[in-house]
Amino acid sequence: MSTPLPGFESFGTPAGGPTAGEPTAGEPTAAGSEQASGEQAGSRTTGTRREIAPGAVHVPGWLTLAQQQTLVVACRDWARGPVPIRHTKLPNGGVMSVQTVCLGWHWQPYAYTRTADDVNGARVTELPSWLVELGRKALVAAYRDQDPAAADTYPPHTCTPDTYTPDTALINFYDDQAKMGMHQDKDERSDAPVVSLSIGDRCVFRFGNTATRTRPYTDIELASGDLFVFGGPSRFAYHGVPKVRPGTGDPATGLAGGRLNITLRMTGLKG
Ligand SMILES: O=C(O)CCC(=O)C(=O)O
Ligand SMILES: [Fe+2]
């Protein structure tokens, strides 16, 4: 066995927790009615959609605990390979503090490929259909559930929940020190929404504007089970994670420490 990457140790299996080979709570299916974790003080009401900017919607506590457990088991498995999770190297010589593994398409700054040429050349794991389905349900929860009668409650000119077909997932693992600077998700050739799922420790998620990586922006807390979708006018807004709050996750998710974030995207690429 290879030496774990720094920070990957706490991504290991907690005592008594599920492992990839054991029966799990089942594939994520529907949007959660079961509460995943305690509510935060203030604006946080589990399951209640909140529009942070036009087309950018936060749904706290959307994933059930069982769905989170299933995702943690699956992510741990994907992190092992065939392309192992790694700290992405940037063209400027920097190294990202988060560790990332991709499904469907491999992201390396600043392009998508089918093989992980900056890691070991292996072809990335397929994106499973149950994750595509979860992405569609996420769009329903973020956009359509609010007002089913109003067609423009989900971002126009992109796609509807029915036609949303993410073909890549970027899975980021944050240890206590990891953060992500303000950036746009713009390597996709599609303006379909990005679906973001968070598990484990809470973080400060900074959601800004499309023009600059600085203010105005809104800081929100993303907690375990939270859904965040950004599409429409917010699809290319700058965003980042300035801080993770260590020790705030519930080990019952199967994650002993750190934070997992999964983003589903449509690359718009063929082949
Ligand atoms: O971790 C997050 O919540 C955001 C991740 C992100 O922005 C990305 O992977 O591009
Ligand atoms: Fe991003």
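Placed above this text is the structure.
Nothing here was measured: the structure is a model prediction, and the numbers come from that model.

Taken together, the protein ligands of the iron ion (ligand 2) are His183 (NE2), Asp185 (OD) and His239 (NE2), with distances of 2.1 to 2.2 Å. Sequence positions of the residues that donate to the iron ion (ligand 2) give the spacing H-x1-D-x53-H. Among the residues examined, aspartate 185 registers a relative accessible area of 4% and is labelled buried.

The next thing to look at is the side chain of glutamate 188. Relative to the assigned elements, glutamate 188 resides in the loop between strand E8 (180-183) and strand E9 (194-200). At 2.8 Å, the side chain of glutamate 188 and the side chain of arginine 235 are in polar contact. In terms of polar contacts, glutamate 188 uses its side chain to reach the side chain of arginine 265, at 2.9 Å. Setting aside anything within four residues of it in sequence, one finds glutamate 188 in contact with Tyr112, Arg235, Arg265, Met266 and Thr267.

If you walk through the whole model with that rule in mind, you get 7 aromatic pairs. For the pair phenylalanine 205 and phenylalanine 228, a centre-to-centre distance of 4.9 Å together with 65 degrees between the ring planes defines the contact as edge-to-face. Of the two residues, phenylalanine 205 is situated in strand E10 (residues 202-207) and phenylalanine 228 in strand E12 (residues 227-230); the sequence distance between them amounts to 23 residues. Grouping aromatic residues by their ring pairs yields a cluster made of Phe205, Phe207, Phe228 and Phe230. The residue whose ring lies beneath arginine 114 is tryptophan 105, and the NZ or CZ to ring-centre distance is 3.8 Å.

What follows is about helix H1 (residues 65-80). Two residues of an α-helix separated by three or four positions point the same way, owing to the 3.6 residues in each turn. In this model H1 runs 23 Å from its N-terminal to its C-terminal C-alpha over 16 residues, within 8% of the 22 Å that 1.5 Å per residue would give. Counting buried residues in H1 gives 12 out of 16 residues, a clear majority hidden from the surface. Every buried residue of H1 is listed here: Leu65, Gln67, Gln68, Thr70, Leu71, Val72, Val73, Ala74, Cys75, Arg76, Trp78 and Ala79. For H1, the secondary structure elements touched by its buried residues are strand E4 (95-103), helix H2 (129-142), strand E7 (168-174), E9 and strand E14 (259-265).

This part is about the sheet that holds E9. Taken in spatial order, the 8 strands make up an open sheet running E1-E2-E12-E9-E14-E7-E4-E3, and their pairing is antiparallel. Only two strands of the sheet have a single neighbouring strand rather than two, namely strand E1 (50-53) and strand E3 (86-89). On average, each strand axis in the sheet is inclined to that of its neighbour by 30 degrees, with strand direction left out of account. Each of strand E2 (56-59), E4, E9, E12 and E14 is contacted by H2, which is oriented at about 80 degrees to E12, the strand it contacts most.

In this section: the sheet that holds strand E11 (residues 218-222). A sheet is described by the order of its strands in space; here 4 strands give the open sequence E8-E13-E10-E11, paired in antiparallel fashion. Looking along the sheet, the strands with just one partner apiece sit at the ends: E8 and E11. Strand-to-strand, the axes of this sheet are offset by a mean angle of 25 degrees, without reference to chain direction. Relative to E11, E10 runs antiparallel, the two being bridged by 5 bridges. Residue pairing in the sheet places phenylalanine 207 in a bridge with threonine 218 of E11.

With respect to the secondary-structure elements, glycine 135 resides in helix H2. Each C-alpha atom, one on glycine 135 and one on threonine 263, is 9.3 Å from the other, the two residues being 128 residues apart in sequence.

Moving on to the nonpolar core. Counting 38 residues, the largest nonpolar core has Trp62, Leu71, Leu131, Val195, Leu197 and Leu227 as the members making the most contacts within it. Counting only elements with at least two residues in this core, the list comes to E2, H1, E4, H2, E7, E9, E12 and E14. With 8 residues, H2 is the single largest residue contributor to this core. Core analysis: the second largest hydrophobic core is formed by 25 residues, Ile52, Trp107, Ala178 and Val194 among them.

Rules and cut-offs
Residues numbered from 1 in each chain as written. Chains lettered and ligands numbered in written order. Predicted model: local features only at pLDDT ≥ 70, side-chain atom pairs only at ≥ 80, totals over all residues. Heavy atoms only, no water. Donors = N, O, S within 2.8 Å, 3.2 Å for Na, K, Ca; no water. Buried < 20%, exposed > 50% of the residue type's maximum accessible area, 1.4 Å probe, protein only. Helix = DSSP H or I, 4+ residues; strand = E, 2+ residues; numbered from the N terminus. Polar contact = N/O pair within 3.5 Å; in protein donor to acceptor, adjacent residues only side chain to side chain. Contact = heavy atoms within 4.5 Å. Phe/Tyr/Trp six-rings, centres within 6.5 Å; stacked < 30°, edge-to-face > 60°. Lys NZ or Arg CZ within 6 Å of the ring centre and 35° of its normal. Expected span 1.5 Å × (residues − 1). Pairing = 2+ DSSP bridges. Axes fitted to C-alpha atoms, helices over the stretch in contact; angles between N-to-C directions. Core = buried A, V, L, I, M, F, W, Y, C linked by side-chain atoms within 4.5 Å.

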